[in-house]
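Spelled out, the chains give:
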Amino acid sequence: MRPSSEGKSRGVVIEIGGIPIALETSDPGFVKLLKDRYCDYMKAGDRSDFKFRIELIAPEGIDPDADARVWLENGDWQFERGDFRANWNQEKRRGLIRQSANPYAIDSVLRIVHTLLLARTGGFLLHASSAVRNGKAFLFSGLSEAGKTTMARLAPPDVHLLTDEVSYVRRLDDQYLACGTPFAGELGEPGENISAPIAAIYLLEKAPCNKIDPIDTAQAVRRLLRNILFFAHDEELVRLVFESACAIVAAVPVYQFSFFPDQRVWDLIG
Amino acid sequence: MMPSTETYLSKSTAIAARVLGDETIIMSTVDSTIFMLNPTGTVIWLSADGQTPLSRIIEEKVCAEFDVPVEQATADAQDFVSKLAEHGILVVSDRPLSPKEV
Amino acid sequence: MSLLDEMNQKASAQGIPLTAHLDITWRCNERCVHCYLDHDGEGEMSTAEIKDVLTQLADSGTFFLSISGGEPLLRRDCFEILEYARKLGFNVKLKTNAVMIGATQAARLRQLGIEQVQISVYSHLPEVHDAITKLPGSLRRTLEAIGHLTAAGVKVSITNMLMKQNATNAKAVMQLAKDMGVAFTVDPTITPMLNGDRSITQLSISAEELEEIFHTEELVGNVGEFCAPVSEADDDFLEGHSCSAGHTLAYISPFGDVYPCVSFPMPCGNVREKTFREIWYHSDELTELRAVKIKDLPTCSKCSHGSYCSRCPGLAYMEGNMRGPSSADCAKSEARTGIPSAWQTIQRQTQPNWTYPNLVQIKPM
């Protein structure tokens, strides 16, 4: 796929958690890639809350799993990782992304933007799988190898998966909603584009048998904070994320979930 | 097209290839046909950089290394290049080729 | 002799690792019940390390390269690795469960000139296939991916690994492959886990089912030929080796360990500590392996199955002795011909209650 800096701009609008973001590029091959990748999250029409122009550049032998850096510079957010460089003026609602033609860069940019947007309204992205059962959402949180994907894989047919990797938590008035995201983990599939009120958050640990235990508030906040996606070391943002963690723990039950990875685990959920 | 001696050769990108000793194995990624090049063929193959004309490859590489008369080397080389070009293994042009053009 | 045979012979004579199998990750989005891997992702080689290994393999003369896993597409740099491999002139095969392959990925694989994509399909029935992969919806996704690949002009081969759960589905999967216009192979051998755990071999199909498979014309071709009784072992055979593992075939794990073959997890060195060439040409383990000829195998050299046996020295190694028999291959020889192998005869005569030996603990370097 050759980078193209000429030609008519075209794009897609991707709506996650009710926030539509337009991505524009003059490379038709890349538009097709975006449409394929985010097909369940595409919004018809071109109305969006925010707009990014994408310029494709040749890849430079980078590490796509490296951490992204995010910082504020003269009123613009700057995002950088080996495979992309982006800036975003939140007030003007516009930004520019320079990246190689790989979908993981766009995933990262979208996650960063949503993290920054959600922070101001009490929401966040969380390293967790989440699913909807009987109209209620359940989050299964943990870092690498904790069992997030395992919970998603073991889910019976009546469960609707929102994500097996990065959960989207949105605060609306006093309610917390989990929304589906296209950010696929190892299962390689986007989540269903639905949302539901969060009934419980489970902090995962693999064990010889299944057990759900309450945990105290301080521990819940501390462990949640470890799993919240956070990119920018900005004082105000840190404070907002901390308050969001405290607020959700006060509103939504959080449990320690020691589980044995077989299908019976879902007998305890919902 | 029968290559003249002012012909430029470039290796196709639709191949897999490996030099083993003084021979080369090539496989087309289009139809999986395999070719084994003998030492003379390997010398021509290695020189197919898109910039060196076939006449120079014959004179400076083939004749010099294998002590073969130019006329014979030229006829053999042209036949060899034609066959590989027919199978899409070599790209043949009457002017120098850059990698992008291949 | 075909050109391929000629190449293999020349490579063998020169000790060239003509074929390499590189697992770029052991992580997987499926959890197949028969899988021999533990799916650990900690400490995988980086993109730069893998590219360096590929360069070293190219310099060593490797031509045929299989990229596999785990699920290789779980690595975000998978296409970057494939592109680099193609630039180095490898003939590249990709082994994948294909659940992450859509039209875009299929087009890219075509553009890169990947020789073939090999995909496991366990059954034509979603409930059977998905129960084996433990990924709901995986058959649907895999078959959709095969459609994308064939539409893009990529060659596909379906492998049907047989086990208790799907033993009766082989013909139907073969028909499915035919309907989709792709190649098909059947494989009845469950490999023990690389860490020495043999419990998954209990999933193997029974001797009766194996015999039935070997006598099914649609699967094996001419049954009379395939199941022909044994030949006398000639000198050429006895002076040869069981297979190309460690001779013209090398395997490299996601952590840089070099084995003779993925089914022969004898650690020979690690490319993070030594160059591939150093390991390939100078490791004690490979030197010892290469010295072993069929005539040096105490039991197999005297077996009447001779050159018809598919003896895997890796499976023998995992049973405790790389010079010993591979009981799975003995079972196959007996199922094919009705004649027990030399090892089976000894076992039945001397140890009627024989069970598998202690687990061989295989520690990566």
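Computed from a predicted structure; not experimentally measured. (Residues numbered from 1 in each chain as written. Chains lettered and ligands numbered in written order. Predicted model: local features only at pLDDT ≥ 70, side-chain atom pairs only at ≥ 80, totals over all residues.)

Peer 1: Please explain the overall build of chain C as it appears in this structure.
Peer 2: Within chain C, the regular secondary structure consists of 16 helices and 9 strands. Relative to its length of 365 residues, chain C is compact, with a C-alpha radius of gyration of 20 Å against a globular reference of 21 Å. Considering only C-alpha atoms, chain C reaches an extent of 60 × 50 × 40 Å along its principal axes. With 365 residues in all, chain C has 49% of them scored as buried. Put simply, 70% of the contacts in chain C that link residues at least 6 apart link residues at least 24 apart. (Helix = DSSP H or I, 4+ residues; strand = E, 2+ residues; numbered from the N terminus. Rg over C-alpha atoms; globule rule 2.2 N^0.38 Å. Buried ≥ 20, exposed ≤ 12 C-beta atoms within 10 Å, placed from the backbone. Contact = placed C-beta atoms within 7 Å.)

Peer 1: Help me understand the overall build of chain A, please; the structure alone is not making it clear to me.
Peer 2: A tally of helices and strands in chain A yields 5 helices and 15 strands. Its C-alpha radius of gyration of 19 Å places chain A within 12% of the 18 Å reference for a compact globule of 270 residues. Looking at the 270 residues of chain A, the share that counts as buried comes to 43%. Long-range contacts, defined here as pairs at least 24 residues apart, represent 65% of the contacts in chain A between residues at least 6 apart.

Peer 1: Can you walk me through the arrangement of the chains in this structure?
Peer 2: Counting contacts across all 2 pairs of chains that touch, the top pair turns out to be chains B and C. Here chain A and chain B are not in contact; the least distance found between their C-alpha atoms is 12 Å.

Peer 1: Where do I start with the interface of chain C and chain B in this structure?
Peer 2: Accessible area lost upon the coming together of the parts is a frequently used measure of interface size. Across the contact, 15 residues belong to chain C and 12 residues belong to chain B. Looking at the side of chain C that touches chain B residue by residue, the classes come out as 7 nonpolar, 5 polar and 3 charged. (Nonpolar A, V, L, I, M, F, W, Y, C, P; charged D, E, K, R; others polar.)

Peer 1: I tried to follow the nonpolar core on my own but got confused; where do I start?
Peer 2: Side chains of nonpolar character tend, in soluble globular proteins, to be buried together. Counting residues in hydrophobic clusters, the biggest one holds 199 residues, and the most contacted among them are I14, L23, V109, L139 and A178 of chain A together with I67 and L149 of chain C. For this core, the element with the most residues is helix α2 (residues 103-119) of chain A, which contributes 9 residues. Among all residues touching I67 of chain C, those that are not within four sequence positions of it are L22, I24, P72, I81, L82, A85, V92 and L94 of chain C. (Core = buried A, V, L, I, M, F, W, Y, C linked by C-beta atoms within 7 Å.)

Peer 1: I keep staring at unusual backbone geometry and nothing clicks. Help me out?
Peer 2: Most peptide bonds adopt trans geometry, and most residues besides glycine take a negative phi value. Phi angles above zero are rare outside glycine, and E145 of chain A is one such case at about 70 degrees. On the basis of neighbour counts, which here come to 15 C-beta atoms within 10 Å, the residue E145 of chain A falls in the partly exposed class. Positioned with a positive phi, S32 of chain B is a non-glycine residue whose angle comes to about 65 degrees. Considering the arrangement of structural elements, one finds S32 of chain B in the loop between β3 (23-28) and β4 (34-37).

Peer 1: When you look at helix α4 (residues 217-227) of chain A in this model, what are you seeing that I'm missing?
Peer 2: For an α-helix, 3.6 residues make a turn, and residues three or four places apart therefore share a direction. Residues and elements named next belong to chain A. Within the sequence span of α4, burial applies to A220, L224 and N227. Here the buried residues of α4 occupy an arc of 60 degrees about the axis, which is enough to place them on one side. The inward-facing, buried residues of α4 contact β8 (124-133), β9 (136-141), α5 (235-251) and β15 (254-259). (Arc of directions from axis to C-beta.)

Peer 1: What am I meant to see in the interface of chain C and chain A here?
Peer 2: Tallying the contact residues gives 16 residues for chain C and 12 residues for chain A. Of the residues contributing to the side of chain C that touches chain A, the split by class is 5 nonpolar, 5 polar and 6 charged.

Peer 1: Which parts of the structure should I look at to understand the sheet that holds strand β1 (residues 10-16) of chain A?
Peer 2: Whether parallel or antiparallel, the strands of a sheet pair through hydrogen bonds between backbone atoms. Residues and elements named next belong to chain A. Read across the open sheet, the 7 strands follow the order β1-β2-β3-β7-β6-β5-β4; overall the sheet is mixed. With partners counted over all chains shown, the strands left at the sheet margins are β1 and β4 (69-73), one partner each. Geometrically, the sheet is characterised by an average inter-axis angle of 20 degrees between neighbouring strands, direction not taken into account. One ladder, built from 6 bridges, connects strand β6 (residues 84-89) with strand β7 (residues 94-99); its direction is antiparallel. Each residue of the ladder has a partner; that of R85, found in β7, is R98. The sheet strands contacting helix α1 (residues 28-37) are β1, β2 (19-25) and β3 (50-56), and the helix crosses β1 at an angle near 20 degrees. (Pairing = 2+ DSSP bridges. Axes fitted to C-alpha atoms, helices over the stretch in contact; angles between N-to-C directions.)

Peer 1: Mind showing me how you'd approach the environment of K35 of chain A here?
Peer 2: Position of K35 of chain A relative to the elements: it lies in helix α1. Through-space distance from the C-alpha of K35 of chain A to that of I57 of chain A is 20 Å; in sequence the pair is 22 residues apart.

Peer 1: What am I meant to see in the environment of D234 of chain A here?
Peer 2: Examined against the element boundaries, D234 of chain A turns out to sit in the loop between α4 and α5. Under the C-beta neighbour-count criterion, D234 of chain A is labelled partly exposed, with 17 such atoms within 10 Å.

Peer 1: Sorry, what's going on with the confidence of the model for chain C here?
Peer 2: Detailed reading of the predicted coordinates is not advisable wherever pLDDT falls low. Residue and element names in this part refer to chain C. Overall, the prediction assigns chain C a mean pLDDT of 91, with 95% of residues at 70 or greater. Counted against residues more than four places away or in other chains, residues 358-365, with its pLDDT under 50, gives 19 contacts. Here the predicted complex scores 0.88 on pTM and 0.86 on ipTM. (pLDDT = per-residue confidence, 0-100.)

Peer 1: Help me understand the sheet that holds strand β8 (residues 257-259) of chain C, please; the structure alone is not making it clear to me.
Peer 2: Residue and element names in this part refer to chain C. Read from one edge to the other, the open sheet built from 9 strands follows the order β6-β5-β4-β3-β2-β1-β7-β8-β9, with strand pairing classed as mixed. Where the open sheet ends on each side, the last strands, each with one partner, are β6 (183-187) and β9 (269-270). In this structure, β8 lies alongside β9, joined through 2 bridges in antiparallel fashion. Residue D257 lies in a different strand from β9, and its bridge partner there is N270.

Peer 1: Where do I start with the packing of α4 of chain A against α5 of chain A in this structure?
Peer 2: To describe two helices that pack against each other, one gives the angle between their axes and the distance between the axes. Residues and elements named next belong to chain A. For the pair α4 and α5, interaxial distance at closest approach is 9 Å and the crossing angle is 130 degrees. In terms of orientation, α4 lies oblique with respect to α5. Considering only the axes of α4 and α5, their crossing is right-handed. Where α4 abuts α5, its residues T217, A220, V221, L224 and L225 lie against F242, A245, C246 and V249. (Parallel < 35°, antiparallel > 145°, perpendicular 65-115°, else oblique. Left-handed = near helix turned anticlockwise from the far one by under 90°.)

Peer 1: Which parts of the structure should I look at to understand the environment of E71 of chain B?
Peer 2: Along the chain, the position of E71 of chain B falls in helix α3 (residues 70-86). Along the chain, E71 of chain B and I58 of chain B lie 13 residues apart, while their C-alpha atoms are 9.6 Å from each other.

Peer 1: Explanation requested: the pairing of β15 of chain A in the structure shown.
Peer 2: Each regular strand displays side chains that alternate between the two surfaces of the sheet. Sheet topology note: the strand β13 (residues 195-206) of chain A/β15 of chain A ladder contains 6 bridges and is parallel. For K206 of chain A, the partnering residue across the bridge sits in β15 of chain A and is F259 of chain A.

Peer 1: Whenever I open this one, helix α3 (residues 78-87) of chain C confuses me. Can you help?
Peer 2: Residue and element names in this part refer to chain C. When α3 is considered as a whole, its buried residues turn out to be C78, E80, I81, L82, A85 and R86. Residues of α3 that are buried in the fold lie against α2 (47-59), β2 (64-68), β3 (91-96) and α4 (103-112). Residue G89 follows α3 closely and has a positive phi angle near 85 degrees.

Peer 1: Sorry, what's going on with the packing of helix α2 (residues 54-66) of chain B against α3 of chain B here?
Peer 2: All names here are of chain B. Taken N-terminus to C-terminus, the directions of α2 and α3 make an angle of 120 degrees; their axes are 10 Å apart at the nearest point. One element, α2, and the other, α3, form an angle in the oblique class. In the crossing of α2 with α3, the sense of the turn from one axis to the other is right-handed. When α2 is examined against α3, the residues L54, I58, E59, V62 and C63 are found in contact with a partner set consisting of V70, A73, T74, A77 and V81. Along the lines of polarity and charge, the residues of the contact of α2 with α3 split into 8 nonpolar, 1 polar and 1 charged.

Peer 1: I keep staring at the confidence of the model for chain A and nothing clicks. Help me out?
Peer 2: Overall, the prediction assigns chain A a mean pLDDT of 89, with 94% of residues at 70 or greater. Every residue in residues 1-6 of chain A is under pLDDT 50, and counting partners more than four places away or in other chains gives 11 contacts.

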